Amino acid sequence: MHLLFATSIVPDGALASGYEIANAAIIDALRRAGARVTVMGFIWPGKMPSDPQNTIVLDAVEVRTESASGLQKLVWLGKAVLSGLTFSSVKLRVVADGEVRAAIDRAGPFDGYVLNSVQFAGAFEKILADRPFVFVAHNVEHRSAQENAAAAGSALQRWMFRREARLLKIVEERLCGAARFVFTLAEEDRAALGVASDSRSAVLPLVTRAQAPASKTRRQIDCDAALIGTWTWQPNRIGLDWFLTKIVPHLKPDFRVKIAGNMPAGVTSAHPGVTFVGRVPDAQAFVRGAAVIPLISTAGSGVQLKTIETFELGLPSVATSRSLRGIGYRPDNCVVTDDPVAFASALEVAAGNIRDVDGSAFHRRQLKALDAAIESGLARIGAVRQEVAA
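Here's what I pulled together on the structure shown here. (Residues numbered from 1 in each chain as written. Predicted model: local features only at pLDDT ≥ 70, side-chain atom pairs only at ≥ 80, totals over all residues. Heavy atoms only, no water.)

### Re the packing of aromatic side chains
Here the distance between the centres and the angle between the planes together describe a pair of aromatic rings.
So, point 1. If you walk through the whole model with that rule in mind, you get 8 aromatic pairs.
So, point 2. Consider the rings of Phe42 and Phe120, whose centres lie 6.2 Å apart with planes at 55°: the pair is tilted. Of this pair, Phe42 sits in strand β2 (residues 36–43) while Phe120 sits in helix α5 (residues 118–123), and the two are 78 residues apart along the sequence.
So, point 3. Counting every residue linked through ring pairs, the aromatic cluster contains Phe42, Phe120 and Phe124.
So, point 4. In this structure, Lys91 packs its charged tip against the face of Trp76, placed 5.1 Å from the ring centre. (Phe/Tyr/Trp six-rings, centres within 6.5 Å; stacked < 30°, edge-to-face > 60°. Helix = DSSP H or I, 4+ residues; strand = E, 2+ residues; numbered from the N terminus. Lys NZ or Arg CZ within 6 Å of the ring centre and 35° of its normal.)

Shown next as C-alpha coordinates:
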(Lines give C-alpha, C1' and ligand atoms only; values in the text may rest on other atoms or scores of the structure.)
Protein backbone atom coordinates (compact mmCIF):
# COMPACT_ATOMS: atom_id res chain seq x y z
CA MET A 1 0.00 0.00 0.00
CA HIS A 2 1.30 3.44 -0.99
CA LEU A 3 0.08 6.44 1.04
CA LEU A 4 0.62 10.15 0.50
CA PHE A 5 1.11 11.79 3.90
CA ALA A 6 -0.06 15.39 3.40
CA THR A 7 1.18 17.70 6.15
CA SER A 8 1.89 21.37 6.71
CA ILE A 9 5.58 20.91 7.58
CA VAL A 10 7.59 17.90 6.36
CA PRO A 11 10.07 16.25 8.75
CA ASP A 12 13.58 17.71 8.73
CA GLY A 13 14.98 15.53 11.51
CA ALA A 14 15.09 18.31 14.11
CA LEU A 15 12.03 17.18 16.14
CA ALA A 16 11.90 20.66 17.65
CA SER A 17 8.22 20.58 18.63
CA GLY A 18 5.61 18.16 19.86
CA TYR A 19 3.91 18.29 16.47
CA GLU A 20 7.09 17.17 14.73
CA ILE A 21 7.72 14.41 17.28
CA ALA A 22 4.17 13.12 16.80
CA ASN A 23 4.54 13.17 13.01
CA ALA A 24 7.75 11.14 13.16
CA ALA A 25 6.09 8.54 15.40
CA ILE A 26 3.06 8.24 13.10
CA ILE A 27 5.10 7.97 9.90
CA ASP A 28 7.36 5.33 11.47
CA ALA A 29 4.30 3.34 12.57
CA LEU A 30 2.77 3.49 9.08
CA ARG A 31 5.98 2.10 7.66
CA ARG A 32 6.22 -0.62 10.32
CA ALA A 33 2.72 -1.67 9.21
CA GLY A 34 4.11 -2.25 5.71
CA ALA A 35 2.90 0.92 3.98
CA ARG A 36 5.07 2.86 1.60
CA VAL A 37 4.80 6.49 2.73
CA THR A 38 5.54 9.55 0.61
CA VAL A 39 5.41 12.80 2.57
CA MET A 40 4.19 16.02 0.91
CA GLY A 41 4.14 19.50 2.39
CA PHE A 42 6.18 22.60 3.13
CA ILE A 43 9.48 22.99 4.92
CA TRP A 44 11.00 25.59 7.21
CA PRO A 45 13.32 28.04 5.40
CA GLY A 46 16.91 26.83 5.33
CA LYS A 47 16.00 23.24 6.24
CA MET A 48 16.24 20.03 4.24
CA PRO A 49 13.89 17.04 4.47
CA SER A 50 15.24 14.20 6.59
CA ASP A 51 14.08 11.62 4.00
CA PRO A 52 14.44 13.37 0.63
CA GLN A 53 13.86 10.21 -1.41
CA ASN A 54 10.35 9.92 0.00
CA THR A 55 9.47 13.61 0.42
CA ILE A 56 7.88 16.13 -1.91
CA VAL A 57 8.56 19.71 -0.80
CA LEU A 58 6.07 22.24 -2.13
CA ASP A 59 7.98 25.32 -0.95
CA ALA A 60 9.79 26.81 2.03
CA VAL A 61 7.49 28.74 4.38
CA GLU A 62 7.74 30.61 7.65
CA VAL A 63 4.30 30.34 9.24
CA ARG A 64 5.05 30.97 12.92
CA THR A 65 2.81 33.82 13.98
CA GLU A 66 5.00 34.85 16.91
CA SER A 67 7.98 35.65 14.67
CA ALA A 68 5.99 37.41 11.95
CA SER A 69 5.95 41.18 11.54
CA GLY A 70 2.82 43.19 12.22
CA LEU A 71 2.42 43.76 8.48
CA GLN A 72 2.67 40.04 7.72
CA LYS A 73 0.02 39.25 10.33
CA LEU A 74 -2.30 41.81 8.73
CA VAL A 75 -1.68 40.30 5.28
CA TRP A 76 -2.55 36.82 6.58
CA LEU A 77 -5.66 38.13 8.31
CA GLY A 78 -6.81 39.95 5.18
CA LYS A 79 -6.33 36.86 3.02
CA ALA A 80 -8.17 34.72 5.56
CA VAL A 81 -11.17 37.06 5.63
CA LEU A 82 -11.30 37.38 1.82
CA SER A 83 -10.91 33.66 1.17
CA GLY A 84 -13.07 32.37 4.01
CA LEU A 85 -10.21 30.14 5.17
CA THR A 86 -8.89 29.82 8.67
CA PHE A 87 -5.91 31.96 9.66
CA SER A 88 -3.81 28.80 10.12
CA SER A 89 -4.64 27.42 6.67
CA VAL A 90 -4.30 30.65 4.69
CA LYS A 91 -0.64 30.90 5.72
CA LEU A 92 -0.01 27.79 3.60
CA ARG A 93 -1.64 29.21 0.48
CA VAL A 94 1.69 30.27 -1.01
CA VAL A 95 1.47 27.89 -3.97
CA ALA A 96 -1.31 27.55 -6.53
CA ASP A 97 -3.69 24.60 -6.62
CA GLY A 98 -2.11 23.50 -9.89
CA GLU A 99 1.31 23.19 -8.25
CA VAL A 100 -0.13 20.99 -5.51
CA ARG A 101 -1.89 18.85 -8.11
CA ALA A 102 1.36 18.48 -10.07
CA ALA A 103 3.17 17.45 -6.88
CA ILE A 104 0.51 14.83 -6.19
CA ASP A 105 0.95 13.48 -9.70
CA ARG A 106 4.72 13.25 -9.15
CA ALA A 107 4.11 10.95 -6.20
CA GLY A 108 3.04 8.27 -8.66
CA PRO A 109 0.21 5.79 -8.15
CA PHE A 110 -0.97 5.64 -4.54
CA ASP A 111 -3.91 4.22 -2.63
CA GLY A 112 -4.95 7.09 -0.41
CA TYR A 113 -4.03 10.11 1.64
CA VAL A 114 -3.14 10.51 5.26
CA LEU A 115 -4.35 14.05 5.96
CA ASN A 116 -2.20 15.10 8.87
CA SER A 117 -4.02 17.70 10.97
CA VAL A 118 -6.47 20.30 9.77
CA GLN A 119 -4.15 23.11 8.61
CA PHE A 120 -2.89 21.61 5.32
CA ALA A 121 -6.12 19.73 4.66
CA GLY A 122 -8.11 22.93 5.14
CA ALA A 123 -5.84 24.88 2.80
CA PHE A 124 -6.14 22.42 -0.11
CA GLU A 125 -9.29 20.50 0.77
CA LYS A 126 -10.80 20.28 -2.72
CA ILE A 127 -7.59 18.98 -4.27
CA LEU A 128 -7.28 16.26 -1.63
CA ALA A 129 -10.78 14.88 -2.23
CA ASP A 130 -9.96 12.62 -5.18
CA ARG A 131 -8.93 9.54 -3.18
CA PRO A 132 -9.87 7.80 0.07
CA PHE A 133 -8.18 9.26 3.13
CA VAL A 134 -7.63 8.83 6.82
CA PHE A 135 -7.55 11.97 8.93
CA VAL A 136 -5.12 12.51 11.82
CA ALA A 137 -6.63 14.96 14.32
CA HIS A 138 -3.74 16.07 16.51
CA ASN A 139 -6.17 18.18 18.53
CA VAL A 140 -9.79 19.23 18.55
CA GLU A 141 -8.68 22.45 16.96
CA HIS A 142 -11.93 24.37 17.26
CA ARG A 143 -12.02 23.78 21.02
CA SER A 144 -8.43 24.95 21.37
CA ALA A 145 -9.37 28.11 19.47
CA GLN A 146 -12.33 28.66 21.80
CA GLU A 147 -10.01 28.38 24.81
CA ASN A 148 -7.56 30.74 23.18
CA ALA A 149 -10.36 33.26 22.68
CA ALA A 150 -11.31 33.05 26.34
CA ALA A 151 -7.68 33.72 27.35
CA ALA A 152 -7.01 36.44 24.74
CA GLY A 153 -5.80 39.79 25.95
CA SER A 154 -7.46 42.05 23.38
CA ALA A 155 -10.76 42.40 21.56
CA LEU A 156 -9.06 41.79 18.19
CA GLN A 157 -7.47 38.55 19.39
CA ARG A 158 -10.78 37.36 20.81
CA TRP A 159 -12.51 38.06 17.50
CA MET A 160 -9.77 36.26 15.54
CA PHE A 161 -9.84 33.17 17.76
CA ARG A 162 -13.65 33.05 17.74
CA ARG A 163 -13.65 33.26 13.95
CA GLU A 164 -10.99 30.53 13.84
CA ALA A 165 -13.06 28.33 16.16
CA ARG A 166 -16.19 28.70 14.04
CA LEU A 167 -14.43 27.85 10.78
CA LEU A 168 -12.34 25.05 12.28
CA LYS A 169 -15.47 23.34 13.60
CA ILE A 170 -16.95 23.31 10.10
CA VAL A 171 -13.77 21.96 8.49
CA GLU A 172 -13.23 19.33 11.18
CA GLU A 173 -16.81 18.09 10.80
CA ARG A 174 -16.38 17.88 7.03
CA LEU A 175 -13.05 16.04 7.22
CA CYS A 176 -14.25 13.59 9.87
CA GLY A 177 -17.41 12.92 7.89
CA ALA A 178 -15.56 12.19 4.65
CA ALA A 179 -12.63 10.25 6.14
CA ARG A 180 -12.55 6.47 5.90
CA PHE A 181 -11.04 6.50 9.39
CA VAL A 182 -9.97 9.09 11.95
CA PHE A 183 -6.96 8.91 14.23
CA THR A 184 -6.96 11.05 17.37
CA LEU A 185 -4.25 11.41 20.00
CA ALA A 186 -6.58 11.32 23.02
CA GLU A 187 -9.65 9.21 23.80
CA GLU A 188 -11.91 12.17 24.65
CA ASP A 189 -11.17 13.76 21.25
CA ARG A 190 -13.03 10.95 19.47
CA ALA A 191 -16.36 11.94 20.98
CA ALA A 192 -15.60 15.64 20.62
CA LEU A 193 -15.13 15.11 16.87
CA GLY A 194 -18.22 12.90 16.53
CA VAL A 195 -16.32 9.71 15.64
CA ALA A 196 -16.43 7.75 18.91
CA SER A 197 -17.33 4.44 17.22
CA ASP A 198 -14.47 1.92 16.89
CA SER A 199 -15.44 1.50 13.24
CA ARG A 200 -14.78 5.21 12.68
CA SER A 201 -11.74 6.05 14.77
CA ALA A 202 -8.91 4.95 17.04
CA VAL A 203 -6.50 6.63 19.43
CA LEU A 204 -2.79 6.69 18.58
CA PRO A 205 -0.72 6.20 21.78
CA LEU A 206 2.47 8.02 20.81
CA VAL A 207 6.13 7.61 21.62
CA THR A 208 8.82 10.27 21.38
CA ARG A 209 11.54 7.95 20.04
CA ALA A 210 11.75 4.70 18.09
CA GLN A 211 13.74 2.93 20.81
CA ALA A 212 13.15 3.05 24.55
CA PRO A 213 15.64 5.33 26.35
CA ALA A 214 18.55 3.51 27.90
CA SER A 215 18.09 3.07 31.62
CA LYS A 216 20.18 5.59 33.53
CA THR A 217 20.13 5.22 37.29
CA ARG A 218 22.36 8.17 38.15
CA ARG A 219 21.56 11.75 37.23
CA GLN A 220 23.34 15.01 37.88
CA ILE A 221 20.70 17.26 39.44
CA ASP A 222 21.19 21.00 38.89
CA CYS A 223 17.69 22.34 39.64
CA ASP A 224 14.57 21.29 41.51
CA ALA A 225 12.15 21.51 38.58
CA ALA A 226 12.46 22.04 34.82
CA LEU A 227 9.97 22.97 32.13
CA ILE A 228 10.60 23.10 28.40
CA GLY A 229 8.19 23.86 25.60
CA THR A 230 7.03 26.05 22.75
CA TRP A 231 5.56 28.72 25.00
CA THR A 232 4.50 30.90 22.09
CA TRP A 233 1.84 28.27 21.25
CA GLN A 234 -1.25 29.58 23.02
CA PRO A 235 -2.36 26.40 24.86
CA ASN A 236 1.19 26.03 26.25
CA ARG A 237 1.24 29.72 27.19
CA ILE A 238 -2.01 29.29 29.15
CA GLY A 239 -0.46 26.46 31.16
CA LEU A 240 2.73 28.43 31.78
CA ASP A 241 0.77 31.46 32.99
CA TRP A 242 -1.15 29.19 35.38
CA PHE A 243 2.09 27.72 36.72
CA LEU A 244 3.79 31.10 37.22
CA THR A 245 0.81 32.85 38.79
CA LYS A 246 -0.90 30.06 40.75
CA ILE A 247 1.84 27.59 41.73
CA VAL A 248 5.15 29.44 41.89
CA PRO A 249 3.99 31.85 44.64
CA HIS A 250 3.50 28.80 46.91
CA LEU A 251 7.04 27.48 46.38
CA LYS A 252 9.76 28.14 48.91
CA PRO A 253 12.18 30.95 47.92
CA ASP A 254 15.09 28.53 47.51
CA PHE A 255 13.17 26.18 45.18
CA ARG A 256 14.98 26.34 41.81
CA VAL A 257 12.92 26.25 38.60
CA LYS A 258 14.47 26.41 35.12
CA ILE A 259 12.22 27.18 32.14
CA ALA A 260 13.59 26.57 28.63
CA GLY A 261 12.15 27.36 25.23
CA ASN A 262 11.11 30.32 23.14
CA MET A 263 9.43 32.74 25.51
CA PRO A 264 6.77 35.33 24.57
CA ALA A 265 7.45 38.93 25.50
CA GLY A 266 6.31 39.97 28.93
CA VAL A 267 6.60 36.61 30.70
CA THR A 268 8.34 37.13 34.04
CA SER A 269 8.38 35.84 37.60
CA ALA A 270 9.21 37.58 40.86
CA HIS A 271 10.20 34.29 42.49
CA PRO A 272 13.99 34.31 43.15
CA GLY A 273 14.39 30.67 42.11
CA VAL A 274 12.78 30.95 38.65
CA THR A 275 15.22 31.24 35.73
CA PHE A 276 14.36 31.57 32.02
CA VAL A 277 17.17 29.92 30.06
CA GLY A 278 15.93 30.18 26.44
CA ARG A 279 16.80 27.49 23.93
CA VAL A 280 18.89 24.57 25.17
CA PRO A 281 21.11 22.35 22.97
CA ASP A 282 19.83 19.04 24.39
CA ALA A 283 16.24 18.92 25.64
CA GLN A 284 16.58 15.47 27.17
CA ALA A 285 19.72 16.40 29.08
CA PHE A 286 17.97 19.53 30.30
CA VAL A 287 14.98 17.70 31.81
CA ARG A 288 17.20 14.95 33.23
CA GLY A 289 18.98 17.66 35.20
CA ALA A 290 15.81 18.35 37.22
CA ALA A 291 14.70 16.57 40.35
CA VAL A 292 11.05 16.67 39.25
CA ILE A 293 9.13 17.63 36.09
CA PRO A 294 5.98 19.79 36.37
CA LEU A 295 3.42 18.78 33.72
CA ILE A 296 1.26 21.86 33.60
CA SER A 297 -1.25 21.61 30.76
CA THR A 298 -4.55 23.36 31.53
CA ALA A 299 -5.82 23.95 27.98
CA GLY A 300 -5.87 22.36 24.55
CA SER A 301 -6.73 18.85 23.41
CA GLY A 302 -4.78 15.97 21.92
CA VAL A 303 -1.87 14.51 23.84
CA GLN A 304 1.00 16.11 25.74
CA LEU A 305 4.27 14.86 24.26
CA LYS A 306 6.16 16.19 27.29
CA THR A 307 4.13 13.84 29.49
CA ILE A 308 5.02 10.89 27.27
CA GLU A 309 8.71 11.82 27.24
CA THR A 310 8.77 12.22 31.04
CA PHE A 311 7.22 8.77 31.49
CA GLU A 312 9.59 7.23 28.93
CA LEU A 313 12.55 8.64 30.85
CA GLY A 314 11.11 7.44 34.15
CA LEU A 315 11.41 10.88 35.75
CA PRO A 316 9.37 11.98 38.81
CA SER A 317 6.56 14.35 37.90
CA VAL A 318 3.62 16.31 39.22
CA ALA A 319 0.83 16.61 36.65
CA THR A 320 -2.49 18.28 36.10
CA SER A 321 -5.27 15.94 35.05
CA ARG A 322 -5.28 17.69 31.66
CA SER A 323 -1.63 16.71 31.16
CA LEU A 324 -2.61 13.03 31.23
CA ARG A 325 -5.12 13.15 28.38
CA GLY A 326 -4.37 10.41 25.89
CA ILE A 327 -2.29 8.49 28.44
CA GLY A 328 -3.61 5.10 29.49
CA TYR A 329 -0.94 4.35 32.09
CA ARG A 330 0.50 6.50 34.87
CA PRO A 331 3.74 5.50 36.63
CA ASP A 332 3.71 5.52 40.42
CA ASN A 333 6.22 8.40 40.60
CA CYS A 334 3.67 10.77 39.03
CA VAL A 335 1.43 12.76 41.38
CA VAL A 336 -1.77 14.18 39.88
CA THR A 337 -3.48 17.30 41.21
CA ASP A 338 -5.19 20.37 39.82
CA ASP A 339 -5.00 22.31 43.08
CA PRO A 340 -2.19 24.90 42.92
CA VAL A 341 -1.24 24.64 46.60
CA ALA A 342 -1.17 20.84 46.49
CA PHE A 343 0.76 21.00 43.21
CA ALA A 344 3.46 23.21 44.76
CA SER A 345 3.68 21.00 47.84
CA ALA A 346 4.00 17.84 45.70
CA LEU A 347 6.83 19.44 43.72
CA GLU A 348 8.77 20.19 46.90
CA VAL A 349 8.23 16.68 48.27
CA ALA A 350 9.29 15.02 45.00
CA ALA A 351 12.37 17.23 44.67
CA GLY A 352 13.45 16.27 48.17
CA ASN A 353 12.99 12.54 47.56
CA ILE A 354 13.96 11.78 43.96
CA ARG A 355 12.52 8.49 42.77
CA ASP A 356 13.12 7.51 39.15
CA VAL A 357 11.49 4.45 37.59
CA ASP A 358 12.25 2.31 34.51
CA GLY A 359 10.37 3.90 31.62
CA SER A 360 11.03 1.16 29.08
CA ALA A 361 7.85 -0.75 29.96
CA PHE A 362 5.77 2.37 29.32
CA HIS A 363 7.53 2.85 25.94
CA ARG A 364 6.89 -0.75 24.89
CA ARG A 365 3.23 -0.53 25.89
CA GLN A 366 2.75 2.69 23.92
CA LEU A 367 4.52 1.34 20.82
CA LYS A 368 2.49 -1.87 20.76
CA ALA A 369 -0.80 0.01 21.09
CA LEU A 370 0.29 2.54 18.44
CA ASP A 371 1.00 -0.20 15.91
CA ALA A 372 -2.32 -1.91 16.59
CA ALA A 373 -4.24 1.35 16.11
CA ILE A 374 -2.43 2.15 12.84
CA GLU A 375 -3.23 -1.28 11.44
CA SER A 376 -6.93 -0.86 12.23
CA GLY A 377 -7.01 2.39 10.26
CA LEU A 378 -5.04 1.07 7.30
CA ALA A 379 -7.48 -1.79 7.00
CA ARG A 380 -10.15 0.77 6.07
CA ILE A 381 -8.06 2.17 3.22
CA GLY A 382 -7.20 -1.38 2.12
CA ALA A 383 -10.86 -2.37 2.04
CA VAL A 384 -11.69 0.63 -0.12
CA ARG A 385 -8.87 -0.20 -2.49
CA GLN A 386 -10.14 -3.78 -2.89
CA GLU A 387 -13.69 -2.57 -3.57
CA VAL A 388 -12.42 -0.24 -6.29
CA ALA A 389 -10.29 -2.99 -7.83
CA ALA A 390 -13.29 -5.34 -7.87
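### Let's talk about the nonpolar core
So, point 1. With 49 residues, the main nonpolar core has Phe5, Ile26, Leu30, Phe183, Leu204, Leu206 and Ile374 as its most contacted residues.
So, point 2. Here Ile374 is in contact with Ile26, Ala29, Leu30, Ala33, Phe183 and Leu204, once residues within four sequence places are set aside.
So, point 3. Within the second largest apolar cluster, 40 residues are counted, among which are Leu4, Val118, Ala137 and Ala165. (Core = buried A, V, L, I, M, F, W, Y, C linked by side-chain atoms within 4.5 Å. Buried < 20%, exposed > 50% of the residue type's maximum accessible area, 1.4 Å probe, protein only. Contact = heavy atoms within 4.5 Å.)

### Some remarks on the sheet that holds strand β13 (residues 334–336)
So, point 1. Read across the open sheet, the 6 strands follow the order β10-β9-β8-β11-β12-β13; overall the sheet is parallel. Where the open sheet ends on each side, the last strands, each with one partner, are β10 (274–278) and β13. Direction aside, neighbouring strands of the sheet carry axes that sit 25° apart on average.
So, point 2. Running over the sheet, helix α9 (residues 234–247) touches β8 (223–228), β9 (257–260), β10 and β11 (290–295) and is turned about 160° from β9.
So, point 3. Of the strands in this sheet, β8, β11, β12 (317–319) and β13 touch helix α12 (residues 340–352), which is tilted by about 155° from β11. (Pairing = 2+ DSSP bridges. Axes fitted to C-alpha atoms, helices over the stretch in contact; angles between N-to-C directions.)

### A look at helix α11 (residues 305–313)
So, point 1. Along α11, 8 of the 9 residues are buried, which leaves the element largely enclosed by surrounding structure.
So, point 2. Those residues of α11 that fall on the buried side of the exposure criterion are Leu305, Thr307, Ile308, Glu309, Thr310, Phe311, Glu312 and Leu313.

### Section: the packing of helix α6 (residues 141–151) against α9
So, point 1. Contact pair α6 / α9: the axes reach a minimum separation of 10 Å and the direction vectors enclose 50°. Put simply, α6 runs oblique to α9. Crossing hand, α6 versus α9: left-handed. Listed contacts from α9 to Glu147, Asn148 and Ala151 of α6 are Gln234, Pro235 and Ile238.
So, point 2. Its residues assigned to classes, the contact of α6 with α9 comprises 3 nonpolar, 2 polar and 1 charged. (Parallel < 35°, antiparallel > 145°, perpendicular 65-115°, else oblique. Left-handed = near helix turned anticlockwise from the far one by under 90°. Nonpolar A, V, L, I, M, F, W, Y, C, P; charged D, E, K, R; others polar.)

### Quick notes on the pattern of salt bridges
So, point 1. Tallying each qualifying case throughout the model produces 19 salt bridges.
So, point 2. Residues Glu173 and Lys169 are paired through a salt bridge, measuring 2.7 Å at the closest nitrogen-oxygen approach. Note that Glu173 and Lys169 are positioned in helix α7 (residues 155–178) at a spacing of 4 residues, about one turn of the helix.
So, point 3. For Glu173, a relative accessible area of 48% translates into the label partly exposed. (Salt bridge = Lys/Arg side-chain N within 4 Å of Asp/Glu carboxyl O.)

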